[in-house]
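Here is what each chain is made of, one letter per residue.
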Amino acid sequence: MLYRFLLLFALVYASVSLPAHSQAQQGAVGAVRGRIVDSVTGRAVPMATVHLIRNQRVHGTVEAGTTGEFSFDHVPEGVYSVEVEEKGYLKAVQADVRVVLRRATAVEFALVRGGDVVVLDEVVVSARATAGDPRATPNTVLLEREEIRRNPGSAGDVFRALDVLPGVVSTGEFSSFTVRGNGPRDNLILIDGIPFDKVAHFDESFGEQEAVDGGGRYSIFAPNIIGSAKFSPGGWRVAEGGKNGSLLELDIAEGNPVSSTAGARVDIIGIEADYDGPSYVADNTSLLISARRFDFSNLFEAIDEKDIGTQRLTDIIVKSVTDLNDDHRLELLAISAREDSKRTVENALASENFEDVGLEDSRQDSTLLGVTWRWSPGDVAQLRNTFYYRNSDTTGTEGEAYPDLAGPDPTPATTPVRENILRVKERETEIGWRSDFTTMLGSDGIFSAGALVARVDLDFDRRLSGDWIRYVYEQSDFRADPTQQYIVLTPEEYDSALSASKTRIAAYADYAWTLGDFTWTPGMRYERDGFSGKSNVAPRLLVSWQPDAVTRVWTGGGVYYQAPRYLDIAADPSNLDLKSERSMQWVLGYSRHLSQDLRFSAEGYYQQLDDLIVFDDQTTNTATNRGEGSATGVDLMLAKRMSRGWSASATYSYSRARRDDRLGEGEYASDWDRPHAFGIVGAWQPSDRWTFSAKWKYASGRPTDAFVVHSDVLGGAGPVRYSKELTRTNAERLPAYHSLSLRADYQRRFGPLSLVAYLDILNVYGRENANGYEWDERRGVNIIEGLDEPLPTIGLRFEYSWTPGE
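By convention here, each chain's residues receive numbers from 1 onward along its written sequence. This being a predicted model, a pLDDT of at least 70 is required before a residue's local features are given, and a value of 80 or more before pairs of side-chain atoms are given or counted; all residues contribute to the totals for chains, interfaces and linings. With hydrogens and water set aside, each side-chain value is computed from the structure's full complement of heavy atoms.

*Asks:* A description of the overall build of the protein should follow, citing residues and the corresponding values.
*Replies:* Put simply, DSSP H or I for four residues or longer makes a helix, DSSP E for two residues or longer makes a strand, and each gets a number counted from the N terminus. On a plain count of helices and strands, the protein comes out with nine helices and 47 strands. Buried residues are those whose accessible area, probed at 1.4 Å on protein chains only, stays under 20% of the maximum for their type, while exposed residues exceed 50% and partly exposed ones sit between those limits. Counting the 806 residues in the protein, one finds 55% classified as buried. Contacts in the protein between residues at least 24 apart in sequence constitute 65% of all its contacts with a sequence separation of at least 6. His is not counted, nor are the chain ends, whereas Lys and Arg count as positive and Asp and Glu as negative. Here the site of a charge means atom NZ of a Lys, CZ of an Arg, CG of an Asp or CD of a Glu. The distance from the centre of the 85 positive side-chain charges to the centre of the 117 negative ones in the protein is 4 Å. Contacts between residues were defined by any pair of non-hydrogen atoms, one from each residue, lying within 4.5 Å.

And the structure:
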């Protein structure tokens, strides 16, 4: 399969490498236009000096106008970097700015205040920097659009691209990531500041536990939709709460306000189209539209994976930004993500050795609508109000096929099936308002305050059509007969329903001020969960010491609360009494700019976890807050940003995460505990057309339960079945994970039409990386779940650009 994709990529390259029309190549020019604002107030920063740089040489220099806007016209095609410097601010740079014929490439800078004197030759931060912001934890890392797009092994998926960051592990099998021993569902994800967790397709709520915990298979975001991703592994500000693992803030890209680009991609799985440019409807309004429709059936057929089933998805994302005047900005966001997945008896029969006989028919519709109004009252303040509506509607059924009971040559007609054993309905609706206010107090103080109010409506229903035997169980699971070597889910104990409407409230404030070389940021957050009826207060503190312009040392801590998942609440009526899990976190970090484009950072951490939710018994799904745990470790990173045609980073993380359910078993390793994780990634741009990148990752294997096998557990009451009794939680460990990923990007222009092609290969040398086990009760063996062969993705995209009036 890999060779077919390599051959196809070679043919694409040969076809686009033919000489283009000579006239089209002569005098190929575009433009770079941008805007510079203050990161705190959102107001324009006038008179800043802007440099356009290519191959380490200054191509041009301009001064921003009174509105903070600047432009470079008649710029030859190529890849540039833009640098901005202004007294009282840290110098900022945006690399990988690609100039294309007839297109005005738009960039935006949010400058971070750096005091009255700034050593511009030593400190360089990103265009939307967070590391220099005194309110932000210095471990916060920002990934720009190009960094996400060209990350090898990710195929443009922002969640798979995060594995280049310290403390993060992503295996590529799921569109999810784990951080410091916490699971995929412990991460707080914000879309343009709005809480939205339906960010991945085929994020199963029922089925085998490995799939349920995995966190989804395919991101709802097309590769070029995310403008930037801001990530913090822990210790973030009081403005965010609700989870205690990590914070990921995704900003949907803004449309280009001065020139237009229409793009399309067609391949074996479907079609994708987008538009990026002025709205042509309202003045000073940009528009970004992305739409795609994918059907994976043809792909599964081509790679001979017919047992997977039918999976289809449709994603539509629209964002508009309107500058009403110098003081007001209006942003509109709409997301619609739909999917359906079906697995029939034909797919079960195509499974090797009938390893997977599950039947499924599920659908999910997710919607997010948001309106954000930004107002800059006066010269030192900014107020942001966001009103949002989100909805998720999921329905599904699960069943089983029994091909071993159909004779030596089973067919769909002769194979016994039991359909609709389990029916699930999950409906969530949330209407919310969030307000954030920031102002300067004096020359060295920043005060921030905000509030969140949301009304949540839940309608969950789970029904069994009859008793259902499960052949994987824990010693503590209830069995009417203690000698019975399997468990039985019964409608009387397992069925559940929840229909409720409650209000969630949060209020928060912090204040950052500088005394000498130290910056202090104390804060307080209040949360009230309407479902449990309980309130929490979470104090936090960050202290940062900056002895010189290139060095920073910080320490801090705080309390974080993670509300129970709605699925956990709905699993049993008694679970409405569940309270939020609590995490007390402490960090100590150090960072230093070794040069303008090279930075080293190290952070040690300790997390004390209390009130963890524990499910006592699979047969009833009742839960309590009796669990506790801890996580300890250190994250190291050496990163070189893109300059001189290349970039690279190396990370190492040591982590130990422990849990204790207090059910008598004692302490054990967390499900996502990986003591050692190492990664190195690099990108090289030998020319304006080509970019090559590579990534190698290593991580300790995941913990897995010790077990014993019981044979013929049904005796004469049914067919031969084997059961798996879990005897000790996470007492063993899967083999270590490691993989190599490679990527090649090529861009070629034919007049106003550009062709963009890439080949992205995950797990190049075909390492069998186990992410978990699935039990085969017909043969009594564990089936390894995970990637075990190279996974190539090829993309071929066409873009047409134009500038209004030309």
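There's more to say after this.
*Asks:* Before we move on, could you go through the packing of aromatic side chains and cite the residues and values that matter?
*Replies:* In this scheme Phe, Tyr and Trp rings, the latter by its six-membered ring, pair at centre separations within 6.5 Å, and the angle between planes marks the pair as stacked below 30 degrees, edge-to-face above 60, and tilted otherwise. Counted according to the given criterion, the structure contains 23 aromatic pairs. Ring plane angle 80 degrees and centroid distance 6.2 Å describe the contact between Phe177 and Phe231, whose orientation is recorded as edge-to-face. Of this pair, Phe177 sits in the loop between β10 (168-169) and β11 (178-179) while Phe231 sits in strand β16 (residues 226-232), placing them 54 residues apart in sequence. Just as Phe177 is buried, Phe231 falls in that class too. Both rings, one in Tyr471 and one in Tyr486, keep their centres 6.3 Å apart while their planes meet at 50 degrees; by these two values the pair is tilted. Of the two residues, Tyr471 is situated in the loop between β27 (468-470) and β28 (472-474) and Tyr486 in the loop between β28 and β29 (487-489); the sequence distance between them amounts to 15 residues. Taken together through their ring pairs, the aromatic side chains of Phe202, Tyr218, Phe294, Phe296 and Phe300 make up a single cluster. Charge-over-ring contacts are defined here by two conditions on Lys NZ or Arg CZ: a distance within 6 Å of the ring centre and an angle within 35 degrees of the ring normal. The ring of Trp646 has Lys640 lying over it, and the distance from NZ or CZ to the ring centre is 4.2 Å. Note that Lys724 overlies the ring of Phe707, its terminal NZ or CZ placed 5.0 Å from the centroid.

*Asks:* Lay out the sheet that holds strand β1 (residues 29-38) with the relevant residues and their values.
*Replies:* Strands are treated as partners if at least two bridges between them are detected by DSSP. Strand order in the open sheet formed by three strands is β4-β1-β7, and the pairing between neighbours is mixed. Either end of the sheet is taken by a strand with one partner, and the two such strands are β4 (69-76) and β7 (104-111). Across the sheet, the axes of successive neighbouring strands diverge by a mean angle of 20 degrees, strand direction being ignored. As judged from the eight bridges shared by β1 and β7, these two strands associate in the parallel manner. Bridge pairing in β7 places Arg33 opposite Ala106. With axes taken as lines fitted to C-alpha atoms, and helix axes fitted only over the stretch in contact, angles between N-to-C directions fall between 0 and 180 degrees.

*Asks:* Report on the nonpolar core, specifying residues and quantitative values.
*Replies:* The biggest cluster of nonpolar side chains holds 40 residues, and the ones touching the most others in it are Phe159, Ile191, Phe221, Leu248, Leu250 and Ile252. Residue assignment for this core shows that the elements contributing at least two residues are β9 (141-144), α4 (158-161), β12 (187-191), β16, β17 (246-252), β22 (328-343) and β26 (445-464). With residues near it in sequence (within four places) discarded, Ile191 still touches Phe196, Val199, Phe221, Leu250, Ile252, Leu333, Ile335 and Leu368. Grouped together as the second largest cluster of nonpolar side chains are 20 residues, Val32, Ile36, Val107 and Leu111 included. Definition of nonpolar core: a set of buried residues of the types Ala, Val, Leu, Ile, Met, Phe, Trp, Tyr and Cys, connected through side-chain atoms within 4.5 Å.

*Asks:* Give me unusual backbone geometry: which residues, what numbers.
*Replies:* Residues other than glycine seldom take positive phi values, yet His74 does so here, at roughly 55 degrees. The residue His74 is located in strand β4 in this model. Backbone geometry at Asn763 places phi at a positive 60 degrees, although glycine is not the residue there. Along the chain, Asn763 turns up in the loop between β44 (753-762) and β45 (772-776).

*Asks:* Summarise the pattern of salt bridges; cite the residues concerned and give the values.
*Replies:* Within this document, salt bridges are pairs made up of a side-chain nitrogen of Lys or Arg and a carboxyl oxygen of Asp or Glu, the two lying within 4 Å of each other. For the structure shown, the criterion picks out 60 salt bridges. Between Asp157 and Arg160 there is a salt bridge, with the nearest N and O atoms lying 2.7 Å from each other. When its relative accessible area of 6% is taken as the criterion, Asp157 is described as buried. Of the residues examined, Arg160 reaches a relative accessible area of 11% and is grouped as buried.

*Asks:* Would you mind going over a nonpolar patch on the surface in detail, with residue names and values included?
*Replies:* A cluster of nonpolar side chains, contributed by Leu332, Val371, Phe387, Trp433, Val453, Ile505, Met524, Tyr526 and Val537, occupies part of the molecular surface with about 730 Å² of accessible area. Note that Val371 resides in strand β23 (residues 358-375). Overall, the relative accessible area of 34% leaves Val371 in the partly exposed class. Within the patch definition used here, like charges are joined within 9 Å and nonpolar side chains (Val, Leu, Ile, Met, Phe, Trp, Tyr) within 5 Å, considering only residues with over 30% relative accessible area and no salt bridge. Working definition of accessibility: Shrake-Rupley area with a 1.4 Å probe, residue cover restricted to the visible protein chains.

*Asks:* Which residues make up the sheet that holds strand β13 (residues 194-195), and what values do they have?
*Replies:* On the basis of which strands lie adjacent, the open sheet formed by five strands has the order β9-β16-β17-β12-β13 and mixed pairing. Across the chains shown, the open sheet's two edge strands, defined by having one partner strand only, are β9 and β13. Alignment of β12 against β13, held across two bridges, turns out to be antiparallel. Looking at the pairing, Leu190 lines up with Pro195 of β13.

*Asks:* Lay out the side chain of Lys697 in plain terms, naming residues and giving numbers.
*Replies:* Take Lys697: it is sitting in strand β40 (residues 690-699). Overall, Lys697 belongs to the buried group, its relative accessible area being 8%. Polar contacts, as used here, are pairs of N or O atoms within 3.5 Å; protein pairs need one atom able to donate a hydrogen and one able to accept it. Residues neighboring in sequence count only if both atoms are side-chain atoms. Only 2.6 Å separates the side chain of Lys697 from the side chain of Asp163, close enough to count as a polar contact. A polar side-chain atom of Lys697 sits 2.3 Å from the main-chain carbonyl oxygen of Ser170. Setting aside residues no more than four positions away along its own chain, Lys697 makes contact with Asp163, Ser170, Thr171, Phe678, Gly679, Tyr737, His738 and Ser739.

*Asks:* Got a sec to walk through the environment of Asp393? Specific residues and values, please.
*Replies:* The residue Asp393 is located in strand β24 (residues 381-401) in this model. Classification of Asp393 by relative accessible area gives partly exposed; the value is 26%. C-alpha separation for the pair Asp393 and Asp459, spaced 66 residues apart in sequence, amounts to 9.4 Å. Once residues lying within four places of it in the same chain are set aside, the contact partners of Asp393 are Arg363, Gln364, Asp365, Glu426 and Arg427. Reaching out from Asp393, the side chain makes a polar contact with the side chain of Arg427 at a distance of 3.3 Å.

*Asks:* Let's hear about the environment of Gly432: which residues, and what values?
*Replies:* With respect to the helices and strands, Gly432 occurs in strand β25 (residues 417-441). For Gly432, a relative accessible area of 7% translates into the label buried. Sequence separation between Gly432 and Thr503 is 71 residues, and the spatial gap between their C-alpha atoms is 9.5 Å. Leaving out residues up to four positions away in the same chain, Gly432 has contacts with Thr386, Phe387, Tyr388, Val453 and Ala454.

*Asks:* Explain the confidence of the model for the protein residue by residue, including any values.
*Replies:* Known as pLDDT, the predictor's per-residue confidence is scaled from 0 to 100. When pLDDT is averaged across the protein, the result is 88; 92% of the residues are at 70 or more. Mean pLDDT per element in the protein: helix α2 (residues 22-25) is the minimum at 38, and strand β38 (residues 668-669) is the maximum at 97. Within the model, the stretch residues 116-122 combines pLDDT values under 50 with 15 contacts to residues more than four positions away or in other chains. The low-confidence segment residues 206-212 (pLDDT under 50) makes 19 contacts with residues lying over four places distant or belonging to another chain.

*Asks:* Account for the pairing of strand β34 (residues 581-595), with residues named and values stated.
*Replies:* The pairing of strand β33 (residues 551-562) with β34 spans twelve bridges and is antiparallel. For Gly558, the partnering residue across the bridge sits in β34 and is Gln585. Alignment of β34 against strand β35 (residues 598-615), held across 13 bridges, turns out to be antiparallel. Within β35, the position partnered with Arg582 by the bridge is Asp610. Counted between consecutive antiparallel strands, the loop separating β34 from β35 contains two residues.

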